[in-house]
Amino acid sequence: MKRIVFIAALMLMLIAGAGRLMAQTGEVPAETGFVVDLTTFTGIVALISAIVTQLLKLVPKIAGSKLAKIGISAGIGILVCFVAWGLKISPLLTDSLWWQVLLYGLAAGLSGCGFYDVVKAIADLFKKDKA
């Protein structure tokens with residue numbers, strides 16, 4: 001039985017590989033860079049998360065403090081949203097007022113660092129030690 005399944009899997013891989021070779025046109029995509037879509041909330045959160053991750057790699061002392069990570073993520077979120085709003089990059093933010101962009105950036109920054117981490121870090125501030 002194992003041999004039959006193995007032969008069937010090999011035949012499927014052979015057919016899929018042959019079909020893939022025949023479907024290639026030989027054209028290489030012109031643009032193969034890092035693309036971030038700032039027209040959605042998810043794209044903005046992904047950009048904020050990428051920036052904060054790279055910043056934490058540059059400054060490893062920040063990685064020890066959860067509240068510092070949250071603060072940096074919120075600050076980067078606000079900065080990214082204000083830059084996108086000022087340059088009119090994101091159609092999501094172009095019709096917003098400054099305080100709406102501020103709140104949007106704060107929400108995106110907190111989402112970028114993980115909402116669970118935010119709630120856990122704030123709860124740890126109020127937790128009493130049993131020692």
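Draft legend 1. Fine view of the nonpolar core. The biggest cluster of nonpolar side chains holds 15 residues, and the ones touching the most others in it are Ile 44, Ile 48 and Val 80. Taken together, the elements giving at least two residues each to this core come down to helix 2 (41-58), helix 3 (66-86) and helix 4 (98-113). In this view, Ile 48 contacts Ser 73, Ile 76, Gly 77, Val 80, Ala 108 and Gly 109; residues no more than four positions away in its chain are not counted.

Draft legend 2. Quick peek at the packing of helix 2 against helix 3. Two numbers describe how helix 2 lies on helix 3: the axes approach to 9 Å, and their chain directions differ by 130°. Here helix 3 runs oblique to helix 2, going by the angle between their axes. Considering how the two elements wind past one another, helix 2 and helix 3 form a crossing that is right-handed. Between helix 2 and helix 3, the contacting residues are Ile 44, Leu 47, Ile 48, Ile 51, Val 52, Leu 55 and Leu 56 on the first element and Lys 69, Ile 72, Ser 73, Ile 76, Gly 77, Val 80 and Cys 81 on the second.

Draft legend 3. Focus on the side chain of Ser 96. Structurally, Ser 96 can be placed in the loop between helix 3 and helix 4. Residue Ser 96 is classed as buried on the basis of its relative accessible area of 18%. In contact with Ser 96, other than residues within four places in its own chain, are Trp 85 and Val 101.

Draft legend 4. Representation of unusual backbone geometry. At Lys 88, a position not held by glycine, the phi torsion is positive, near 55°. Note that Lys 88 resides in the loop between helix 3 and helix 4. When its relative accessible area of 60% is taken as the criterion, Lys 88 is described as exposed.

Draft legend 5. How the structure looks around the packing of helix 2 against helix 4. At a closest axis distance of 8 Å, the pairing of helix 2 and helix 4 adopts a crossing angle of 60°. The angle between the axes of helix 2 and helix 4 places the two elements in the oblique class. Relative to helix 4, the crossing made by helix 2 is right-handed. Of the residues in helix 4, those touching helix 2 at Phe 41, Ile 44, Val 45, Ile 48 and Ser 49 are Tyr 104, Ala 107, Ala 108, Gly 109, Ser 111 and Gly 112. Class assignment of the residues belonging to the contact of helix 2 with helix 4 gives a composition of seven nonpolar, four polar and no charged.

Draft legend 6. Focus on a nonpolar patch on the surface. On the surface, Leu 97, Trp 98, Trp 99, Leu 102, Leu 103 and Leu 106 cluster together to form a nonpolar patch covering roughly 600 Å² of accessible area. Mapped onto the elements of the fold, Trp 98 is located in helix 4.

Draft legend 7. Structural view of the environment of Ala 50. Within the fold, Ala 50 resides in helix 2. Residues Ala 50 and Gly 112 lie 62 residues apart in sequence; the distance between their C-alpha atoms is 8.8 Å.

Draft legend 8. Representation of the side chain of Ser 90. Relative to the assigned elements, Ser 90 resides in the loop between helix 3 and helix 4. A relative accessible area of 0% means that Ser 90 is categorised as buried. Leave out the neighbours within four places in its chain, and Ser 90 touches Leu 38, Thr 39, Ile 44 and Ala 84.

Basis of the calculations
Residues numbered from 1 in each chain as written. Predicted model: local features only at pLDDT ≥ 70, side-chain atom pairs only at ≥ 80, totals over all residues. Heavy atoms only, no water. Core = buried A, V, L, I, M, F, W, Y, C linked by side-chain atoms within 4.5 Å. Buried < 20%, exposed > 50% of the residue type's maximum accessible area, 1.4 Å probe, protein only. Helix = DSSP H or I, 4+ residues; strand = E, 2+ residues; numbered from the N terminus. Contact = heavy atoms within 4.5 Å. Axes fitted to C-alpha atoms, helices over the stretch in contact; angles between N-to-C directions. Parallel < 35°, antiparallel > 145°, perpendicular 65-115°, else oblique. Left-handed = near helix turned anticlockwise from the far one by under 90°. Nonpolar A, V, L, I, M, F, W, Y, C, P; charged D, E, K, R; others polar. Patch = residues over 30% accessible without salt bridge, like charges linked within 9 Å, V, L, I, M, F, W, Y side chains within 5 Å. Areas by Shrake-Rupley, 256 points an atom, 1.4 Å probe, with all protein chains shown as cover. Salt bridge = Lys/Arg side-chain N within 4 Å of Asp/Glu carboxyl O.

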